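If you want the building blocks of each chain, they are given just below.
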Amino acid sequence: MDAHMTELKRTQLYNLHVSLQGKIVPFAGYEMPVQYAAGILKEHLHTRANAGLFDISHMGQVVLEGGADILKQIEKIMPGDFQELKPGEIRYSFLLNEQGGVMDDLMVTRPLHADEQNSVFIIINAACKDDDFAHMKKQLPHIKATMLNDRALLALQGPKAAEVLGRFCAAPTKLKFMQADKFTIKDVGLCYISRSGYTGEDGFEISVPNATVEKFASDLLAQAEVMPIGLGARDSLRLEAGLCLYGHELDTMTTPVEGNLVWAIGKRRRSEGGFIGAATIQQQLKDGVSRKRVGIRPDGRALAREQTEVVDSAGKHIGIITSGGFGPSVDGPVCMGYVESTFAKVGTSVFLVVRGKPLPAKVVTLPFAPHRYMKG
Amino acid sequence: MSQTRFTKEHEWARVDGDVAICGITDYAQKALGDIVYVELPAIGKKVKQGEQVAVVESSKAASEVYAPVDGEVVAVNDNLSNDPGKVNAAAQSDGWFFKIKAANAAQTGSLMDEPTYQNYVKGLS
């Protein structure tokens, strides 16, 4: 046993996870439930049919405060067109390094109200929290960065999410996909609620004061439609939704252009640049990239997991699977990975080397399960 | 009906005449979680005790399944291709994997009987 082993952290809901028979595993420095009593398959299908409650308190919640030019300021460290972002709207973006590699992918909210316009609210990945925070402080020295350690984060996802949340507070159910605002929920306190998520379903992410989150989570779970969902189903849901997982589809050696995420780089930003990593990104937009992220669907039922080699019909190496597993809603194996750009076209036949055998598969359109967001 | 015998790797084998019907144990299916794919051997495949003969995949990971006895695969449970969840529902009956024509039926004597296996499993948790 390593005496210097880093102690794992727990979220405010640890005791609740244990009481719900959560199977606790280490994840990004936290002790988190990978599944509950129902198991990954049932949790996944329940979320697509009803509503699932996820504890995502391990993720970082950061407020950046500056002057009236805060949106312009953050464009230095992210390639999104934040100046075009409307009050109360959210953008998916990235922190990029000098080489255009992704340090983290994140969600940025421009607050709705006039008296909050000198700030933005950002949600970052748990494993990247400390590095992101240091990077933001270093690159934006005149901006005040605060990690909201006094807040937990819940995700309520699925077609019944709005109906359920509406019982506690009706106002947030008026939000459209990728909108956010602050709401006071009775006996819970001030919550930052966004209509967003990581499942492909309609739903909400709810930032809740630490002091009341256990009671609120229990109250949500007491609703007939709601089941607790662990990290296992969170992963299979996002994989079917074609959404990237940092450390798998994205890392510091991968750019958003390779990641097929050019849509998240603002049009103005593509031509203007002016963000860290812009030189590489603009070069890649002009010349193309040698590899691209794609969805891959094996023809058979054998699973191809992360790190599975992708080869062509002659057996030549053309890529690698970055996420792969069973898609419960698809009822079959699903993968995402990177292949040489000449093989990235939808419909291209490829082979996945599983236990030494090349299994036939096809490049397919993402997502595997259709997005069902509540758009305006 | 003959007695079911168990391996340390959590396979079971029940010998009927010279044919051993084999699968993974209830303990194994619980530990694996939702089973979503089973790769079965070709009929006619010659196997040695302890040799990998099948693969079982849960939503979490792939695991190898070993032959409990020497012999030749004479049947596989095709139902598992369409309904791998059968292994979760009935690991030690309908969720069987394959049948081996045992080269030496006495070989099962080296495997654990049920009380010994249950004790062994208790020691693992």
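Residues numbered from 1 in each chain as written. Chains lettered and ligands numbered in written order. Predicted model: local features only at pLDDT ≥ 70, side-chain atom pairs only at ≥ 80, totals over all residues. Heavy atoms only, no water.

Visitor: Before we move on, could you go through the overall build of chain A and cite the residues and values that matter?
Guide: The helix and strand tally for chain A stands at nine helices and 19 strands. Taking 2.2 N^0.38 as the reference for a compact globule, 376 residues should give roughly 21 Å; the C-alpha atoms of chain A span a radius of gyration of 21 Å, in line with that estimate. Considering only C-alpha atoms, chain A reaches an extent of 65 × 50 × 50 Å along its principal axes. The proportion of buried residues among the 376 residues of chain A is 57%. (Helix = DSSP H or I, 4+ residues; strand = E, 2+ residues; numbered from the N terminus. Rg over C-alpha atoms; globule rule 2.2 N^0.38 Å. Buried < 20%, exposed > 50% of the residue type's maximum accessible area, 1.4 Å probe, protein only.)

Visitor: Would you mind going over the packing of helix α2 (residues 40-49) of chain A against helix α7 (residues 231-240) of chain A in detail, with residue names and values included?
Guide: All names here are of chain A. Viewed as axis vectors pointing N to C, α2 and α7 meet at an angle of 55 degrees, and their least axial separation amounts to 8 Å. Considering the angle they form, α2 stands oblique to α7. The handedness of the crossing between α2 and α7 comes out as right-handed. Contacts between α2 and α7 involve Ile40, Glu43, His44, Thr47 and Arg48 on the former and, on the latter, Gly232, Ala233, Ser236, Leu237 and Glu240. (Axes fitted to C-alpha atoms, helices over the stretch in contact; angles between N-to-C directions. Parallel < 35°, antiparallel > 145°, perpendicular 65-115°, else oblique. Left-handed = near helix turned anticlockwise from the far one by under 90°. Contact = heavy atoms within 4.5 Å.)

Visitor: Break down the domain arrangement of chain A for me, citing the residues and quoting the values.
Guide: All names here are of chain A. Domain boundaries in chain A define domain 1 (2-57 + 149-240) and domain 2 (290-376). In this structure, domain 1 and domain 2 have C-alpha centres spaced 29 Å apart. Across the boundary between the two partners, domain 1 contributes 15 residues, which contact 21 residues of domain 2. Taking both sides of the interface into account, the surface hidden between domain 1 and domain 2 amounts to around 1600 Å²; carbon and sulfur atoms contribute 61%. Taken as a group, Phe177, Leu239 and Glu240 account for 43% of the area that domain 1 buries against domain 2, more than any other trio of residues on that side. Where domain 1 meets domain 2, there are one salt bridge. Of the charged contacts in the structure, one is a salt bridge between Glu201 and Arg372, with a shortest N-O distance of 2.9 Å. Linking domain 1 with domain 2 are 12 residue pairs in polar contact (both at pLDDT 80 or more). Within the residue set of the side of domain 1 that touches domain 2, elements represented by two or more residues are α2 and α7. The class makeup of the residues in the side of domain 1 that touches domain 2 is five nonpolar, three polar and seven charged. (Domains from an automatic or database assignment. Buried area = accessible area lost by both parts, 1.4 Å probe. Salt bridge = Lys/Arg side-chain N within 4 Å of Asp/Glu carboxyl O. Polar contact = N/O pair within 3.5 Å; in protein donor to acceptor, adjacent residues only side chain to side chain. Nonpolar A, V, L, I, M, F, W, Y, C, P; charged D, E, K, R; others polar.)

Visitor: So what about α2(A)? Which residues, and what values?
Guide: Every buried residue of α2(A) is accounted for by Ile40(A), Glu43(A), His44(A), His46(A), Thr47(A) and Arg48(A). Buried residues in α2(A) make contact with β2 (30-35), β3 (51-55), β9 (151-157), β13 (226-228) and α7 of chain A.

Visitor: Could you give an account of the packing of helix α5 (residues 161-168) of chain A against helix α6 (residues 210-221) of chain A, naming the residues involved and the relevant values?
Guide: Residue and element names in this part refer to chain A. With their axes 10 Å apart at the nearest point, α5 and α6 run at an angle of 125 degrees to one another. The orientation of α5 with respect to α6, classified from their angle, is oblique. For the pair α5 and α6, the sense of crossing is right-handed. From α5, Val164, Leu165 and Phe168 reach across to α6, where they touch Phe216, Asp219 and Leu220.

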